[in-house]
Protein chains: 2
Amino acid sequence: MSLIVQKYGGTSVADLDRIRNVAGRVARIYEAGNDIVVVLSAMAGVTDKIIAMAHQASPNPPKRELDVLLATGEQTTAALLTMVLNSMNLPAQSLLGFQARVLTDHTYGNARIHEIDATRIQQLLSERKIVVVAGFQGCDSNGNITTLGRGGSDTTAVAISAAIKADSCEIYTDVDGVYTADPNICKTARKLPRITYDEMMEMASLGAKVLQIRSVEFAKKYNVPVHVRSSFSEEEGTMVVNTDAEMEKLVVTGVTYNKKDARITLTRVQDKPGIASRIFTPIADAGILVDMIIQNTRSEGLTDLTFTVSKADFQQAMEIERNVAEEIGAEAVIGDENIAKISVTGVGMRNHSGVASKMFTALAKENINILMISTSEIRISCVIEEKYAELAVRVLHSAFGLDRN
Amino acid sequence: MSLIVQKYGGTSVADLDRIRNVAGRVARIYEAGNDIVVVLSAMAGVTDKIIAMAHQASPNPPKRELDVLLATGEQTTAALLTMVLNSMNLPAQSLLGFQARVLTDHTYGNARIHEIDATRIQQLLSERKIVVVAGFQGCDSNGNITTLGRGGSDTTAVAISAAIKADSCEIYTDVDGVYTADPNICKTARKLPRITYDEMMEMASLGAKVLQIRSVEFAKKYNVPVHVRSSFSEEEGTMVVNTDAEMEKLVVTGVTYNKKDARITLTRVQDKPGIASRIFTPIADAGILVDMIIQNTRSEGLTDLTFTVSKADFQQAMEIERNVAEEIGAEAVIGDENIAKISVTGVGMRNHSGVASKMFTALAKENINILMISTSEIRISCVIEEKYAELAVRVLHSAFGLDRN
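Residues numbered from 1 in each chain as written. Chains lettered and ligands numbered in written order. Predicted model: local features only at pLDDT ≥ 70, side-chain atom pairs only at ≥ 80, totals over all residues.

Novice: Explain the nonpolar core residue by residue, including any values.
Specialist: In this structure, A:V38, A:L81, A:V133, B:V38, B:L81 and B:V133 are the most contacted members of the largest nonpolar core, which totals 236 residues. Not counting residues up to four positions away in its chain, the partners in contact with B:L81 are B:I19, B:V22, B:A23, B:V38, B:L40 and B:V132. (Core = buried A, V, L, I, M, F, W, Y, C linked by C-beta atoms within 7 Å. Buried ≥ 20, exposed ≤ 12 C-beta atoms within 10 Å, placed from the backbone. Contact = placed C-beta atoms within 7 Å.)

So, in structure tokens, the structure goes:
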């Protein structure tokens, strides 16, 4: 008899047939004598439709009201699954974010969970009810509806697991686990039976869209073991856990890429204190996030400064920097949207030297030019020309011995 | 400077263009210096779609969950109107039922408002915000979402008007007021400038779909003057008020009809105590509402007993009564779905005799047979063959001097 939290993503509840499939899984767990809390996303595509509708209503919809609108998506799936479970004679009850007491800060659209008061969830579980929670949403201390950002239902599930001390937290999605690389572009990719929280965070932030990064932070903080698996099969997926003895001894666990960023270079900038601040303050003031920054010293006290921003912010950032360049007397502002970021990740590289040189050598062999480099303790990322992205993933996957036998 | 509550029905917010139209009206009121609370229904058709979806999920969807699902309709329009108002640089904020503290009993699907704690609404008004309230929904003392039944947004608007002591409560709908008869079938129908709460209640319960009957009860109890008008024109509509000196001195104010009922007769029932209870108890136990009941005494201690139920409950009621008839030894159960109920209503008839005979005479002149009769203090209703319904309305409208000159 266990206490289990299951989260089903948008593709798992995309229509009533799939919701019935979810109900069947939930029923089996419940009828085996387990207590169960189910956390749901909105139907696939609904969130995007809602955002489009909001932008028709207002070019810049107020975030508080957008959250009110967005919350209807999970409200709908939670009620529907509960209805289906009831029609199977299973006692179920839905709870919206504010009813499940998912208490957040006031940041509409990207709220952080402060705490979950699990009294009501536990009361329902003690009555042997199946508790169906609308994911992605919470409420602030004034009772305003907030949402947790893209993938926020993962965080709801992990946070509830921590609050009720669940025995396991299962994240059902449309992929059957975490892979060494995207299987769509790398046929030899393998599913990882286990991965550490730290690796998962690096890979999540690099574009492996399996789990919301904040949910992994939460899982790490409260040491909640998370099982990522597919709602369309019975196969075991990937366990996301703390480092442990059973882990496969891989130096690199995964190769990821993303094409979401663009690159901006200011050439022949005077290399003196205060210049970087003048370049980046207006960008920060505009709410634009900068990812990588590099600076190449040239002769004569001049330098080239390059950074990346998301493609969505690219035009605005270019405009800002053209003004900055004029003010500080830089030679030119050059933009490039045709870039990709390739990363290799693994806790194993903490104790291994030579990962970087192995990466650069493998790319060089294929004549792939490296435009920028950044590193963390367990990750190395290179910016390359966009057209080489898929090739680079396959080359590195091979080079680090990740190919399936 | 007034405090105004406006309620817009489903056709007034059927799409974004119409919501923009509503925003324009709201803006004019606000910019003239008034404080304003706007209560919204769901987009026309959405509630029916939601109910259909629920029935796909479960043949008998649990009412608690149906309310969770239904509440998304008004949640959507409230957020969208607020966005549009914001895009016009007007300070607006939405409140859902639980946020507006519309506190109800526990009757899912048909909850009654216990009280409205208007603190938050008044706080927002004091900040000169436009308050946009999702109509139709409230919450019970445990924070469960409840809905107020068809037309419940009217009741939300009237209840809020009472709670904040609004100067006026305007109900915007797709008709431009209350007519002496349905203008679609009676070309000579006139719009009434004023009507009493009592008349409006009788007419609402008889099928004039202008206002939810409970909202009129509420308006009467708290003496809230309600202005029924169209959101598609600038014309004055109909004021629903207590009896007052200015009222036109009409004996009959309106002629209404509905075709929603069916008739069931048990023939040759033994006329003895306890029989009526055996006939109606199983009907009540099945949750079926009975409207009119008549009993004709025959010879030999036998009687025919006839009553009406809604067409939706007709088949079930017939089945129940066939069993009853067998048990109590009645001769037969005869059903008839081809009936209509025609009513004349008016507070004036309290002081006038002869209204009934005038009504019967007018119908007789056209050879319209009266199948059943029922009366209240300010209303007389006759059940007739369905095919004569429209004709009967026109005949009575004329007979009571309601035709437009």
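Novice: Requested: an account of the domain arrangement of chain A, with residues and values cited.
Specialist: Residues and elements named next belong to chain A. When the domains of chain A are assigned, the result is domain 1 (3–174 + 193–243) and domain 2 (248–405). Each of domain 1 and domain 2 was reduced to a C-alpha centroid, and the two centroids are 33 Å apart. At the interface, 10 residues of domain 1 touch 13 residues of domain 2. Listed by contribution, the elements that provide at least two residues to the side of domain 1 that touches domain 2 are β10 (194–196) and α6 (197–205). The greatest single-element share of the side of domain 1 that touches domain 2, amounting to four residues, is contributed by α6. For the side of domain 1 that touches domain 2, the per-class residue count stands at four nonpolar, three polar and three charged. (Domains from an automatic or database assignment. Helix = DSSP H or I, 4+ residues; strand = E, 2+ residues; numbered from the N terminus. Nonpolar A, V, L, I, M, F, W, Y, C, P; charged D, E, K, R; others polar.)

Novice: Help me get a handle on the relation of the copies chain B and chain A, residues and values and all.
Specialist: The two copies are related by a screw operation: chain B maps onto chain A through 180° of rotation and 0.1 Å of translation along the axis, at an RMSD of 0.2 Å. Read as a symmetry element, the transformation amounts to a two-fold axis. Residue B:T72, judged by its C-alpha, is the member of chain B lying nearest the rotation axis, at 2.7 Å. Most of the interface of chain B is mirrored in chain A, where 96% of its interface residues are also at the interface. (Least-squares fit on C-alpha atoms with pLDDT ≥ 70 in both.)

Novice: Got a sec to walk through the packing of helix α5 (residues 152–164) of chain A against helix α7 (residues 213–222) of chain A? Specific residues and values, please.
Specialist: The relative placement of two packed helices comes down to the angle between their axes together with the axis-to-axis distance. Residues and elements named next belong to chain A. In the contact formed by α5 and α7, the axes pass within 8 Å of each other and the chain directions differ by 15°. Comparing the axis directions of α5 and α7 gives the class roughly parallel. The interaxial crossing formed by α5 with α7 has left-handed handedness. Where α5 abuts α7, its residues D154, T155, V158, A159 and A162 lie against R214, S215, F218, A219 and Y222. The residue makeup of the contact of α5 with α7, split by class, is six nonpolar, two polar and two charged. (Axes fitted to C-alpha atoms, helices over the stretch in contact; angles between N-to-C directions. Parallel < 35°, antiparallel > 145°, perpendicular 65-115°, else oblique. Left-handed = near helix turned anticlockwise from the far one by under 90°.)

Novice: Break down the interface of chain B and chain A for me, citing the residues and quoting the values.
Specialist: In this complex, chain B contributes 25 residues to the contact, which on the side of chain A involves 24 residues. Contributions of two or more residues to the side of chain B that touches chain A are made by α2 (46–57) and α3 (63–87) of chain B. Each residue belonging to the side of chain B that touches chain A can be placed in one class, and the counts come to 13 nonpolar, 11 polar and one charged.

Novice: I'd love a proper account of the sheet that holds strand β9 (residues 168–173) of chain A, names of residues and values included.
Specialist: Residue and element names in this part refer to chain A. The eight strands lie next to each other as β3-β6-β2-β1-β9-β11-β12-β10, forming an open sheet whose pairing is mixed. Of all strands in the sheet, those bounded by a partner on one side alone are β3 (92–95) and β10. When strand polarity is set aside, the average angle formed by the axes of neighbouring strands in this sheet is 20°. (Pairing = 2+ DSSP bridges.)

Novice: Hey, could you go over the environment of B:E385 for me, with residue numbers and the actual values?
Specialist: Residue and element names in this part refer to chain B. Of note, E385 is situated in strand β20 (residues 379–385). Among the residues examined, E385 registers 15 C-beta atoms within 10 Å and is labelled partly exposed. Distance in space between the C-alpha atoms of E385 and D140 is 44 Å, their sequence separation being 245 residues. If sequence neighbours within four positions are ignored, E385 has contacts with N338, I339 and N369.

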